[in-house]
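Chain by chain, the residues run as shown.
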There are 2 protein chains.
Amino acid sequence: MKVDKFLDYKSRESSAMLITKKNQYALRAIFELAKHNGKGPRKISEIAKAQAIPAKFLEVILNQLKGSGMVNSKRGFYGGYYLIQPPEKITVGHIMRFLERDVDQTDCAALVPETQCPFKGQCTFFPMWNKVKAAIFNIYDETTIKDLIDNEKANVNCK
Amino acid sequence: MKVDKFLDYKSRESSAMLITKKNQYALRAIFELAKHNGKGPRKISEIAKAQAIPAKFLEVILNQLKGSGMVNSKRGFYGGYYLIQPPEKITVGHIMRFLERDVDQTDCAALVPETQCPFKGQCTFFPMWNKVKAAIFNIYDETTIKDLIDNEKANVNCK
DNA sequence: ACTTTCTTGACTATGAAAGTCGACAAACTT
DNA sequence: AAGTTTGTCGACTTTCATAGTCAAGAAAGT
């Protein structure tokens, strides 16, 4: 069996993640499509390899992302996925919001469903959770996929 | 069997939470101790009832919080937990950081352990995750427990 | 003694997230 | 038209951190 370049992509994280694996994969996949933009469809298997994402899981994610209006796909030999919006028009916020569209919008910012909140309408911490949520999405919304590509070219990364 | 005021505190949340239950409970417990500050120890059972926290789980949390230097406890009939720092000196950031002290500090801001990152030292998204993390803790660090009590008195809450 | 309350380590349960499978449908190749 | 490649889709299984529980023991007070 061939040893994969990324040995441990399967292992789970040890601690609470700020961003789910799925959301990270979705972001990386769209980032990868953006880097390939204008060169025709990119195959799931290629994206999976380039971005160290389990291929079968990526199928599910990309298929879901078709509903967002950001990507489209084509079957057959020269098939694959491609962006239908320019990278400078897609923000991280778009991706995050789309993947969390099923979250009830009446939930508080700590993401506790209101129906399950023991302090319905009287939660002391609500304003703070809201500030946190707003601060996060402020960053997500002002970061476009093009920005991320530009950062990579400028070598603005870890370490 | 007596019906609890908070029927559904046991049910799990439906979606990914920004803040874990444990961290929320810890914050609420310290908030409760702060409201009782100067009036002697507060029993676990009282805190649990006032803040709708499973008592046995709260035992674990408060016991862990003793290591933070924020609270102390006393056994026996007039026993319970009490703050050993003034509410204006304790920030939400102190609590969050303490409860996540076991997270490896070399982990990236998306909280993916560096040893498991497929893009070791080359992650394009690192700067963004760091900005998000910084934005969150900026809010946590500037919010003291006293602030939260003041907000409650001023009725600055949900809805 | 007796009661109350915290202490401690070990234990179990849960369910969302993560990942997989396989039959199928479209697109292209020859 | 047969064969290959690639996406489609629903159902399925696995994982494991989070959440929550238990019970015996140790302080502290009456």
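Basis of the calculations
- Residues numbered from 1 in each chain as written.
- Chains lettered and ligands numbered in written order.
- Predicted model: local features only at pLDDT ≥ 70, side-chain atom pairs only at ≥ 80, totals over all residues.
- Heavy atoms only, no water.
- Helix = DSSP H or I, 4+ residues; strand = E, 2+ residues; numbered from the N terminus.
- Buried < 20%, exposed > 50% of the residue type's maximum accessible area, 1.4 Å probe, protein only.
- Contact = heavy atoms within 4.5 Å.
- Phe/Tyr/Trp six-rings, centres within 6.5 Å; stacked < 30°, edge-to-face > 60°.
- Pairing = 2+ DSSP bridges.
- Polar contact = N/O pair within 3.5 Å; in protein donor to acceptor, adjacent residues only side chain to side chain.
- Salt bridge = Lys/Arg side-chain N within 4 Å of Asp/Glu carboxyl O.
- pLDDT = per-residue confidence, 0-100.
- Arc of directions from axis to C-beta.
- Expected span 1.5 Å × (residues − 1).
- Axes fitted to C-alpha atoms, helices over the stretch in contact; angles between N-to-C directions.
- Parallel < 35°, antiparallel > 145°, perpendicular 65-115°, else oblique.
- Nonpolar A, V, L, I, M, F, W, Y, C, P; charged D, E, K, R; others polar.

1. Considering the environment of K35(A)
Residue and element names in this part refer to chain A. Note on placement: K35 falls in helix 1 (residues 21-35). Residue classification places K35 among the partly exposed positions, given a relative accessible area of 35%. Taking the C-alpha atoms as reference, K35 lies 9.3 Å from I145; in sequence the two are 110 residues apart. Discounting chain neighbours no more than four positions away, the residues touching K35 are I149 and E152.

2. Let's talk about the packing of aromatic side chains
Overall, the coordinates contain 10 aromatic pairs over all chains when judged by the stated rule. Relative to F125(B), the ring of F31(A) has its centre 5.2 Å away and its plane inclined at 70 degrees; by these criteria the two rings are edge-to-face. With F31(A) in helix 1 and F125(B) in the loop between helix 4 (92-99) and helix 5 (126-141), the pair connects residues from two separate chains. Accessibility classification places F31(A) together with F125(B) in one group, the buried group. An angle of 80 degrees between the planes, with centres 5.0 Å apart, marks the rings of F77(A) and Y78(A) as edge-to-face.

3. Observations regarding the pairing of strand 1 (residues 71-74) of chain A
Residues and elements named next belong to chain A. The pairing of strand 1 with strand 2 (residues 80-83) spans 4 bridges and is classified as antiparallel. Looking at the pairing, V71 lines up with L83 of strand 2. Counted between consecutive antiparallel strands, the loop separating strand 1 from strand 2 contains 5 residues, among which G76 sits at a positive phi close to 90 degrees.

4. Focus: the environment of T91(A)
All names here are of chain A. Mapped onto the secondary structure, T91 falls in the loop between strand 2 and helix 4 (92-99). Measuring from C-alpha to C-alpha, the distance between T91 and T144 comes to 4.0 Å, with 53 residues separating the pair along the chain. A distance of 3.0 Å separates the side chain of T91 from the backbone nitrogen of H94, its partner in a polar contact.

5. Overview of the pattern of salt bridges
All names here are of chain A. Applying the stated criterion across every chain yields a total of 12 salt bridges over all chains. In this structure, R97 and D141 form a salt bridge, with 2.3 Å as the shortest nitrogen-oxygen distance. One end of the pair, R97, is in helix 4; the other, D141, is in helix 5 (residues 126-141), and 44 residues separate them in sequence. According to the relative accessible area criterion, R97 is partly exposed, its value standing at 42%. Here K146 and D150 are joined by a salt bridge, their closest N and O atoms 3.1 Å apart. With a gap of 4 residues between them, K146 and D150 both fall in helix 6 (residues 145-153), about one helical turn apart. For K146, a relative accessible area of 38% gives the class partly exposed. For D150, a relative accessible area of 31% gives the class partly exposed. One salt-bridge network, in which partners are shared between bridges, spans E32, R42 and E46.

6. Some words on the side chain of R42(B)
Looking at the element boundaries, R42(B) is found in the loop between helix 1 (21-35) and helix 2 (44-51). Residue contacts for R42(B): discarding those within four places in its chain leaves E32(B), L33(B), H36(B), I47(B), G79(B), G80(B) and Y81(B).

7. Focus on the side chain of R42(A)
R42(A) sits in the buried class, given a relative accessible area of 16%. Polar side-chain contacts of R42(A) include one of 2.4 Å to the side chain of E32(A).

8. Quick word on the confidence of the model for chain A
Residue and element names in this part refer to chain A. Averaged over every residue, the pLDDT of chain A is 82; the share at 70 or more is 72%. When the elements of chain A are averaged for pLDDT, helix 5 gives the smallest value, 92, and strand 2 the largest, 98. Every residue in residues 1-15 is under pLDDT 50, and counting partners more than four places away or in other chains gives 21 contacts.

9. Focus on helix 6 of chain A
All of the buried residues along helix 6 of chain A are I145(A), L148(A) and I149(A). Buried residues along helix 6 of chain A cover an arc of 100 degrees about the axis, so they all sit on one side.

10. As for helix 5 of chain B
End to end, helix 5 of chain B covers 22 Å across 16 residues, agreeing with the expected 22 Å (1.5 Å per residue, within 8%). What helix 5 of chain B keeps buried is the set F126(B), M128(B), W129(B), V132(B), A135(B), I136(B), F137(B), I139(B) and Y140(B). Buried residues along helix 5 of chain B sit in contact with helix 1, helix 4 and helix 5 of chain A together with helix 4 of chain B.

11. Comments concerning the packing of helix 4 of chain A against helix 5 of chain A
Residue and element names in this part refer to chain A. Contact geometry for helix 4 and helix 5: axes closest at 6 Å, N-to-C directions at 125 degrees. Viewed along their axes, helix 4 and helix 5 adopt a mutual orientation that is oblique. For the pair formed by helix 4 and helix 5, the contact residues are V92, G93, M96 and R97 on the first element and F137, Y140 and D141 on the second. Across the contact of helix 4 with helix 5, the residue classes break down as 4 nonpolar, 1 polar and 2 charged.

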